Amino acid sequence: MLNKRMEFILEELEEKNSIRVTDISRLLECSEVTVRNDIQKLEEMGLLNRVHGGATKAGASIAVFYNSETVNKNADKKQLIAQKAYEYIDDNDTIILDDASTSYYLAKVIKENPGKHILVITNSLMAAGELSNVKHVDLFLLGGQVGGKLSSTMGDVTIKNLEECHADKAFISAHGVNFDAGITSIGSPQMQIKKTILKVSKEVYLLVDSSKFGGGYVLTVSPLSEIKKIITDSEIKKEYLEMARQREVAIDIV
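Residues numbered from 1 in each chain as written. Predicted model: local features only at pLDDT ≥ 70, side-chain atom pairs only at ≥ 80, totals over all residues. Heavy atoms only, no water.

> Please provide a residue-by-residue account of the pairing of strand E11 (residues 182–185), values included.
Alignment of strand E10 (residues 176–178) against E11, held across three bridges, turns out to be antiparallel. Following the sheet pairing, Asn-178 is matched in E11 by Gly-182. Where E10 hands over to E11, the hairpin turn is made up of three residues, counted between the paired strands. The pairing of E11 with strand E13 (residues 219–222) spans three bridges and is antiparallel. Bridge pairing in E13 places Ile-183 opposite Ser-222. (Pairing = 2+ DSSP bridges. Helix = DSSP H or I, 4+ residues; strand = E, 2+ residues; numbered from the N terminus.)

As structure tokens, this is what we get:
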């Protein structure tokens, strides 16, 4: 027999496909131990799949857990940026999402808004986990070796897959934004993925919170002239807004 907590867990799984123990504990105002015990019992009944840190819906095709510190950093700003980015997606668009945490938040917005039918290409297992089995999304997950803090595909196979794609729009993030150098990177396999995304997309939107502007850099992904628009939050410094104006870089503030 199911208790009220178990019923709530199953309702959350029906809506989201995966849940985390910490989130359920907070929502139900009970201990994480209690939630884990409920999840274990539900698994024994065949009603869910227990995974590290939480559970997935029975039969869910993709389950990914991640570095929560990376994803949750500036989460409120990333959510606003993602909501604004969604406004630039049209019905029946083909879009690319990179492996950034901001792209993950955009995937969640897409999932929650069934009004547009979208074909999504991504190398992010997190974004794919959100969008798998979503009726208004056709999902294409790029192949390749899985790695990185946020579990994404990368390497030669991923790049080859990407080169065969064509997108109306792409939504990417970056390690940093330097108005003299462009989109910057610390030098990682993901940099090559971003370069390829730029080649195969008609328009590219850069989703970055205000902490990403300025500072030094190791490598440049692309000049800002290749970006359709930057979307960032209201804490961006005035000096960077002035640099954007001088260089005619389109920028949205949320």
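> Lay out the sheet that holds strand E9 (residues 167–172) in plain terms, naming residues and giving numbers.
Note: strands within a sheet are paired through backbone hydrogen bonds, in either parallel or antiparallel orientation. With respect to topology, seven strands assemble into an open sheet ordered E6-E5-E4-E9-E12-E14-E15, the strand pairing being parallel. Edge strands, defined here as strands with exactly one partner in the open sheet, are strand E6 (137–141) and strand E15 (251–253). Strand-to-strand twist in this sheet, taken as the mean axis angle between neighbours without regard to direction, amounts to 20°. Pairing of E9 with strand E12 (residues 201–207) involves five bridges; the strand directions are parallel. Residue Phe-171 lies in a different strand from E12, and its bridge partner there is Tyr-205. This element, helix H9 (residues 189–200), spans strand E4 (94–97), E9 and E12 of the sheet and lies at about 135° to E12. (Axes fitted to C-alpha atoms, helices over the stretch in contact; angles between N-to-C directions. Contact = heavy atoms within 4.5 Å.)

> Provide a residue-level description of the environment of Lys-195, including the pertinent values.
Locating Lys-195 in the fold gives a position in helix H9. On a C-alpha basis, the gap between Lys-195 and Lys-84 in space is 23 Å, while along the polypeptide they are 111 residues apart.

> How would you summarise helix H2 (residues 21–28) if you had to cite specific residues and measurements?
Three- or four-residue spacings in an α-helix give side chains the same orientation, since the helix completes a turn every 3.6 residues. Burial in H2 covers these residues: Val-21, Ile-24 and Ser-25. One side of H2 carries all its buried residues, which in axial view fall inside an arc of 100°. Contacts made by the buried residues of H2 are with helix H1 (4–16), strand E1 (18–20), helix H3 (32–44) and strand E3 (54–57). Positioned one or two residues after H2, Glu-29 has a phi angle of 55°, which is positive. (Buried < 20%, exposed > 50% of the residue type's maximum accessible area, 1.4 Å probe, protein only. Arc of directions from axis to C-beta.)

> An account of the nonpolar core is needed here, citing residue identities and associated values.
The biggest cluster of nonpolar side chains holds 30 residues, and the ones touching the most others in it are Ile-96, Ile-183, Leu-206, Phe-213, Leu-224, Ile-227 and Ile-230. Counting residues per element, the ones that place at least two in this core are helix H8 (156–163), E9, H9, E12 and helix H10 (238–246). No other element matches the five residues that H9 contributes to this core. When neighbours within four sequence positions are excluded, Phe-213 is seen to be in contact with Val-177, Phe-179, Val-208, Ile-230, Thr-232, Ile-236, Tyr-240 and Ile-251. Counting 27 residues, the second largest nonpolar core, distinct from the first, contains Ile-89, Ala-127, Val-137 and Phe-171. (Core = buried A, V, L, I, M, F, W, Y, C linked by side-chain atoms within 4.5 Å.)

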